Amino acid sequence: MILAGGQGSRLFALTHKLAKPAVPFGGKYRIIDFTLSNCVNSGIDTVGVLTQYQPLELNEYIGSGQPWDLDRVHGGVFVLPPYQKSSGSDWYTGTANAIYQNMQFILRYSPDYVLILSGDHVYKMDYTKMLAFHIEKQADCTIATLEVPKHEASRFGILASDEDKRVIDFEEKPTQPKSCDASMGIYIFSTSVLVNYLQDDDKDPISTKDFGKNIIPAMLHSGARLYSYQFSGYWKDVGTIDSLWEANMDLLDPSMPLDLQSPDWKIYARNAVRPPQYVGDNAVVENSIVSEGVEIFGTVDFSVLFPDVTIEEGAILRDSILMPGCVIKKGAVVDYAILAEGCVIGEGARVGARPEDTPDKDNWGITVLAKDITVPPGAVVPAKAIVEENRPVTLTFETEEGAVV
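Below is a short write-up of the structure.

Cut-offs used in this document
- Residues numbered from 1 in each chain as written.
- Predicted model: local features only at pLDDT ≥ 70, side-chain atom pairs only at ≥ 80, totals over all residues.
- Heavy atoms only, no water.
- Helix = DSSP H or I, 4+ residues; strand = E, 2+ residues; numbered from the N terminus.
- Rg over C-alpha atoms; globule rule 2.2 N^0.38 Å.
- Buried < 20%, exposed > 50% of the residue type's maximum accessible area, 1.4 Å probe, protein only.
- Contact = heavy atoms within 4.5 Å.
- Areas by Shrake-Rupley, 256 points an atom, 1.4 Å probe, with all protein chains shown as cover.
- Lys, Arg positive; Asp, Glu negative; His and termini not counted.
- Charge placed at Lys NZ, Arg CZ, Asp CG, Glu CD.
- Salt bridge = Lys/Arg side-chain N within 4 Å of Asp/Glu carboxyl O.
- Core = buried A, V, L, I, M, F, W, Y, C linked by side-chain atoms within 4.5 Å.
- Pairing = 2+ DSSP bridges.

### Regarding the overall build of the protein chain
Thought 1: Tallying secondary structure elements over the protein chain gives 8 helices and 31 strands in all.
Thought 2: Taken against the 2.2 N^0.38 rule, which gives 22 Å for 405 residues, the C-alpha radius of gyration of the protein chain at 23 Å falls within 12% of a compact globule.
Thought 3: Looking at the 405 residues of the protein chain, the share that counts as buried comes to 52%.
Thought 4: When contacts within the protein chain are restricted to residue pairs at least 6 apart in sequence, those whose partners lie at least 24 apart make up 56%.
Thought 5: For the protein chain, the accessible area works out to roughly 19100 Å², and carbon and sulfur atoms hold 50% of it.
Thought 6: Considering the protein chain, the positive charge centre built from 34 side chains and the negative charge centre built from 55 side chains are found 4 Å apart.

### Some thoughts on the pattern of salt bridges
Thought 1: Per the stated rule, a full pass over the model turns up 14 salt bridges.
Thought 2: A salt bridge links Lys329 to Glu312, with the shortest nitrogen-to-oxygen separation between them at 3.6 Å. A residue pair is termed long-range when its members are at least 10 positions apart, and Lys329 in the loop between strand 23 (327-328) and strand 24 (333-335) and Glu312 in the loop between strand 20 (310-311) and strand 21 (316-318) qualify at 17 residues.
Thought 3: Judged by relative accessible area, which is 29%, Lys329 ranks as partly exposed.
Thought 4: Between Glu356 and Arg354 there is a salt bridge; the shortest N-O distance is 3.0 Å.
Thought 5: Given a relative accessible area of 54%, Glu356 falls into the exposed group.
Thought 6: Taking relative accessible area as the criterion, Arg354 reaches 16% and is therefore assigned buried.

### Here's the deal with the nonpolar core
Thought 1: In terms of nonpolar packing, the biggest core is built from 97 residues, with Met125, Ile311, Leu339, Ile345 and Leu369 touching the most fellow members.
Thought 2: With 5 residues, the top contributor of residues to this core is helix 8 (residues 241-250).
Thought 3: When sequence neighbours within four positions are dropped, the list of residues in contact with Leu339 reads Ile321, Leu322, Met323, Cys326, Ile328, Val334, Ile345, Val351 and Leu369.

### Considerations on the sheet that holds strand 24
Thought 1: Pairing is parallel across the open sheet formed by 6 strands, whose spatial order is 15-18-21-24-27-30. Of all strands in the sheet, those bounded by a partner on one side alone are strand 15 (284-286) and strand 30 (380-381).
Thought 2: As defined by bridge partners, strand 15 adjoins strand 18 (residues 299-301) across 3 bridges and the pair is classed as parallel. In the strand pairing of strand 18, Val284 is matched with Thr299.

### Remarks on unusual backbone geometry
Thought 1: Of note in the backbone geometry, Lys209 takes a positive phi value of approximately 60° without being a glycine.
Thought 2: Take Lys209: it is sitting in the loop between helix 6 (191-203) and helix 7 (211-221).
Thought 3: The exposure class of Lys209 is buried, given its relative accessible area of 11%.
Thought 4: In the Ramachandran plot, Lys384 falls in the positive-phi region, its phi being about 70° despite a non-glycine side chain.
Thought 5: Among the structural elements, Lys384 can be located in the loop between strand 30 and strand 31 (386-387).
Thought 6: Of the residues examined, Lys384 reaches a relative accessible area of 47% and is grouped as partly exposed.

### Side note on the environment of Cys39
Thought 1: Looking at the secondary structure, you find Cys39 in helix 1 (residues 32-41).
Thought 2: Taking relative accessible area as the criterion, Cys39 reaches 2% and is therefore assigned buried.
Thought 3: Separated by 88 residues in the primary sequence, Cys39 and Tyr127 have C-alpha atoms spaced 7.4 Å apart.

### Describing the sheet that holds strand 25 (residues 337-339)
In a beta sheet, neighbouring strands are held together by backbone hydrogen bonds and run either parallel or antiparallel to one another.
Thought 1: The strand order 16-19-22-25-28-31 describes an open sheet built from 6 strands, whose pairing is parallel. Edge positions in the sheet fall to strand 16 (289-290) and strand 31, since each of these pairs with one other strand and no more.
Thought 2: Direction of pairing for strand 22 (residues 321-322) relative to strand 25: parallel, over a ladder of 2 bridges. Residue Leu322 lies in a different strand from strand 25, and its bridge partner there is Leu339.

So, in structure tokens, the structure goes:
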């Protein structure tokens, strides 16, 4: 069961009209491709994707599940939005409530175990190893954990375990973390146990219906067998502008353990057939991912370019992510920016800035443009700006006679 209904508010303009799992990533993927690919690579053939916020594009992207080999006669992939029942229902009010509302979908397949995942993480993981650990420990619930730096621990649910990896303490986003073992939001439940705890949680009027805040603490309090499964590979929660930018840039670092084309654990995606890339005679391209259908006549360095991007002659693109269909016009400069689909940067415009060109580092950050934003010729969009919609701008010019227009 993949939780893919969150609003993704920390991605601001990028998720204004798009579900977070559907945000483009890495030149040819969407974020949800990682979770779906992990499932099929792990031999899981029955997957429910729970959607809610801005689901249209995500639903269309998943379709029948064919790119991930999930278009099955029995099982396959199912998009599960909230729906009205005879007894009344509501939007998903939390992660646990989302699973509870889809309990009939789970039970129709009579599974012994249920794997619960988030649709907004970038990682490669073999869930069969975690399941084997769960069975070996005779666990009621197994939580995948990752060791994080101590200064980041307060962002996660933090576990403490004994020598046998049995969880003895859990705290959601503690101000004073007792360990650095962070929950990855990946759970395996024995089905009967999951059903019982979700039913009890639904009856609790003060519960927030959340796994981290309610279900896991309740299980720990009642003495249920909770175990921690240690994960050691690459994993990134791309729920913020900075983390999304960093994860894309990690793809350009050969020392990072995130090979998306590895034949033994491929990441699958729904992609249309496009013509090959074209790089002009005077173009300069270094340290970048360039997808199909891209045309480059200017300079590109340390950037990720999605299909159908155009970089015109004299334009400069550095340390940035350009999603499908973006156009950088002649003489424009784009630094440290994320441009959503269909953005157009006019001639001579500047978007973003380099850290060394920003004396006040508190005012420096990644610049973000929402889908279909057009920046007029000569305009300046500063560092750390977030532009969610097109709006009129005033440009000032000085004529040859010295008059200001």
